[in-house]
Amino acid sequence: MKVLVPIKRVVDYNVKVRAKSDGTGVDLANVKMAINPFCEIAIEEAVRLKEAGSVEEVVAVSVGTTASQEQLRTALALGADRAILVETEVEVDSLGVAKLLKAVAEKESPDIIILGKQAIDNDSNQTGQMLSALLGYSQGTFASEVSLKDSSLEVIREVDGGLQTVHLTLPAIVTTDLRLNEPRYASLPNIMKAKKKQMDTLTPDELSVDVKPRVNILKVSPPPERAAGIKVESVEELVDKLKNEAKVIS
Amino acid sequence: MSILVIAEHDNNDLKEATLNTVTAAMEIGQEVDLLVAGLNCSQVAREAALIQGLNKILLVDSTLYENFLAENIGLLVSDIGKDYSHILAPATSNGKNFMPRVAALLDVAQISDISAIVNSDTFERPIYAGNCIATVQCLDPIKVVTVRTTGFDACLKEGGSVEVENITLEHDASVSKFIKEEIVKSDRPELTAADVVISGGRGMQNGENFNLLNGIADKLGAAIGASRAAVDSGFVPNDMQVGQTGKIVAPDLYIAVGISGAIQHLAGMKDSKVIVAINKDEEAPIFEVADYGLVADLFDALPELEAKL
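Cut-offs and rules
- Residues numbered from 1 in each chain as written.
- Chains lettered and ligands numbered in written order.
- Predicted model: local features only at pLDDT ≥ 70, side-chain atom pairs only at ≥ 80, totals over all residues.
- Helix = DSSP H or I, 4+ residues; strand = E, 2+ residues; numbered from the N terminus.
- Rg over C-alpha atoms; globule rule 2.2 N^0.38 Å.
- Buried ≥ 20, exposed ≤ 12 C-beta atoms within 10 Å, placed from the backbone.
- Contact = placed C-beta atoms within 7 Å.
- Core = buried A, V, L, I, M, F, W, Y, C linked by C-beta atoms within 7 Å.
- Pairing = 2+ DSSP bridges.
- Axes fitted to C-alpha atoms, helices over the stretch in contact; angles between N-to-C directions.
- Parallel < 35°, antiparallel > 145°, perpendicular 65-115°, else oblique.
- Left-handed = near helix turned anticlockwise from the far one by under 90°.
- Nonpolar A, V, L, I, M, F, W, Y, C, P; charged D, E, K, R; others polar.

### Let's talk about the overall build of chain B
Piece 1. Of regular secondary structure, chain B possesses nine helices and 16 strands.
Piece 2. The C-alpha radius of gyration computed for chain B amounts to 21 Å, which stays within 12% of the reference 19 Å derived for 309 residues, consistent with globular compactness.
Piece 3. Overall, the C-alpha framework of chain B stretches about 60 × 40 × 40 Å when taken along its three principal axes.
Piece 4. By residue count, 60% of the 309 residues in chain B fall in the buried class.
Piece 5. Partitioning the intrachain contacts of chain B with sequence separation of at least 6 by distance along the chain shows that 65% fall at a separation of at least 24.

In structure tokens form, the structure reads like this:
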């Protein structure tokens, strides 16, 4: 069985990003980059399936510039067997990424594709669902537990107000939520080994996919600022302020 | 301009998030249809018919849509939606589950989680956990959009008598099955609909200490939330999570207890009208967004607060 894990290079989650002062985008100069946290969870889940003996090969794939090789190497150090970079200078939107991944999936014929539920840069939460629709695969989004049973998956999903369990016929797409697992750290020997693992490069042209964006970003601006508040000295003062000043309790 | 809104419901009741989404739709244009798809859900359609200003309600009743499996609903909505200029759904876990499929099947982009409408093809949406607001223009003929419900008021659900049209459409992808759902039953209001929310963070130290929030929540009619740190630490279940990857709330009063205020948490609550922070670390970033900050040990402050309310 083969698992494909698409990953994304994003700003490290600890970085507080700011809009550029001219409103043309987000200031990413000299900012630390990393694998999107949900994608790390996806790699971990795939590697665990392999360690459990039910999966033979884990293939990591990313869409981006040559810089994304760094994140693919990390994926290899975390346990992926080989990597594919779909190299493009274009900032491809979710539908474009889904089409590229579809083309890769048609070459690779994976049984399961595991993706992060959302990337923490655009917060779109789209690619897995789009890919599933394009491929006609079954879909288990926001997974907190995945069990492989012969030719099917049982996925417990985080939904508003609780948990939902679905049964998916393979091939299937899973998108990860926070509680699915706790990703490991790459060990130094594994980082060294990862340097020798195979990494192939493809282009959107080779995959015959048009990646022209369908959405124009007209402006990026800072959110409205909240006016500075005050510190209260006691619970009593707090209750008084809430009752008589803010008037939000009675 | 004709707009299709997908109703959120549980086959019995219409969910509030639908009403915020209808408001967004009516900001875009006048001709708004509402799709109610499910099983034995005609009473949902009757409830929705009270909304004033809707053009009509489309009711699709079939076992295929009982559990809102994304594969089937995606096919249904892309089929019905192909003749509309806009398709809108609330950005709930259900809306997020099927709407990108609709967009992909129609070969158009999806705009996620809009917080404001600039004009019929241009929207504002938060990115980077709300650290930036992007104004985006969709170039595709059909705009597939999910709506951040805190960005729009709920429309009124009274006085209307909208026509309900029954449609029979069977879309069966046959690749997935619903097994079960465990929804936490609670007497408290839903997090996203509550007027008051009180949330605990890592400072609560364990799940049991979340009981300290119960008495206060009871007195204020509040929903109880949590930060990602509290969820990651296993104190409470994930459906209580407020933040970038959890629920987005904007109540009249938000009380953050033992929450440091990571940007991922602020992303989910900073549009609240009044924010109160209780934290023993006076340097905690949560105080930068709080209207009222109390530097105190929560284990002293919470019982006292409960007593004084």
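### Digging into the overall build of chain A
Piece 1. Across its full length, chain A holds six helices and 13 strands.
Piece 2. Structurally, chain A occupies a C-alpha span of about 65 × 45 × 40 Å along its principal axes.
Piece 3. Expressed as a percentage of the 250 residues in chain A, the buried residues total 48%.
Piece 4. Pairs at least 24 residues apart make up 69% of the contacts formed inside chain A by residues separated by at least 6 positions.

### Some remarks on the nonpolar core
Piece 1. Judged by nonpolar contacts, the single largest core of 193 residues is most densely connected at A:Val5, A:Ile43, A:Ala60, A:Ala75, B:Val36 and B:Val276.
Piece 2. Looking at which element gives the most residues to this core, the answer is helix α1 (residues 37-51) of chain A, with eight residues.

### Comments concerning helix α4 (residues 127-135) of chain A
Piece 1. Of all nine residues making up α4(A), eight are buried, and the element is well covered by its neighbours.
Piece 2. Within the sequence span of α4(A), burial applies to A:Thr127, A:Gly128, A:Gln129, A:Met130, A:Leu131, A:Ser132, A:Ala133 and A:Leu135.
Piece 3. Against the buried residues of α4(A) lie α3 (94-108), β6 (112-116), β7 (138-149) and β10 (172-176) of chain A together with α3 (70-81) and α4 (93-106) of chain B.

### Observations regarding the interface of chain B and chain A
Piece 1. Of the residues lining the interface, 70 residues belong to chain B; the matching set on chain A comes to 65 residues.
Piece 2. Relative to strand β16 (residues 292-295) of chain B, strand β13 (residues 230-232) of chain A runs parallel, the two being bridged by three bridges. Within β16(B), the position partnered with A:Ile230 by the bridge is B:Tyr292.

### Quick notes on the sheet that holds β7(A)
Piece 1. With mixed pairing, 10 strands are arranged side by side in an open sheet as β11(A)-β5(A)-β4(A)-β1(A)-β6(A)-β10(A)-β7(A)-β8(A)-β9(A)-β11(B). In the strand order of this sheet, the two ends are held by β11 (199-202) of chain A together with β11 (176-183) of chain B, each with one partner. Neighbour-to-neighbour, the strand axes of the sheet open up by a mean angle of 30°, direction not taken into account.

### Let's talk about the sheet that holds strand β14 (residues 253-257) of chain B
Piece 1. Spatially, the six strands line up as an open sheet ordered β13(A)-β16(B)-β15(B)-β14(B)-β12(B)-β13(B), and their pairing is parallel. A strand with exactly one partner marks an edge of an open sheet, and here the two such strands are β13 of chain A together with β13 (223-226) of chain B. Direction aside, neighbouring strands of the sheet carry axes that sit 20° apart on average.
Piece 2. Sheet topology places strand β12 (residues 196-200) of chain B next to β13(B); four bridges connect them, and they run parallel. Within β13(B), the position partnered with B:Val197 by the bridge is B:Ala223.
Piece 3. Packing against the sheet, helix α6 (residues 235-245) of chain A makes contact with β13 of chain A together with β15 (274-279) and β16 of chain B, and its axis sits at approximately 170° to β16(B).

### Some points on the environment of B:Ile133
Piece 1. Tracing the backbone through its elements, the reader meets B:Ile133 in strand β8 (residues 132-138).
Piece 2. Non-local contacts of B:Ile133, meaning those with residues more than four positions away in its chain, are made with A:Ser221, A:Pro223, B:Glu124 and B:Pro126.

### Brief notes about the packing of helix α5 (residues 211-220) of chain B against helix α9 (residues 298-308) of chain B
Residue and element names in this part refer to chain B.
Piece 1. Across the interface, α5 lies against α9 with an axial gap of 9 Å and an inter-helix angle of 25°. Looking at the two axes, α5 sits roughly parallel to α9. Regarding α5 and α9, the two cross each other, and that crossing is left-handed. Of α9, the residues touching α5 (which contributes Leu212, Gly215, Ile216 and Lys219) are Leu302, Leu305 and Glu306.
Piece 2. Residues that form the contact of α5 with α9 fall into these classes: four nonpolar, one polar and two charged.

### Quick notes on the packing of α6(A) against α9(B)
Piece 1. In contact at an axis separation of 9 Å, α6(A) and α9(B) are set at 45° when each is read in the N-to-C sense. Here α6(A) lies oblique to α9(B), going by the angle between them. Crossing hand, α6(A) versus α9(B): right-handed. In this structure, α6(A) contributes A:Val235, A:Glu236 and A:Val239 to the contact, and α9(B) contributes B:Ala301, B:Glu304, B:Leu305 and B:Lys308.
Piece 2. Looking at the contact of α6(A) with α9(B) residue by residue, the classes come out as four nonpolar, no polar and three charged.

By themselves, these figures tell us nothing about what the structure is for.
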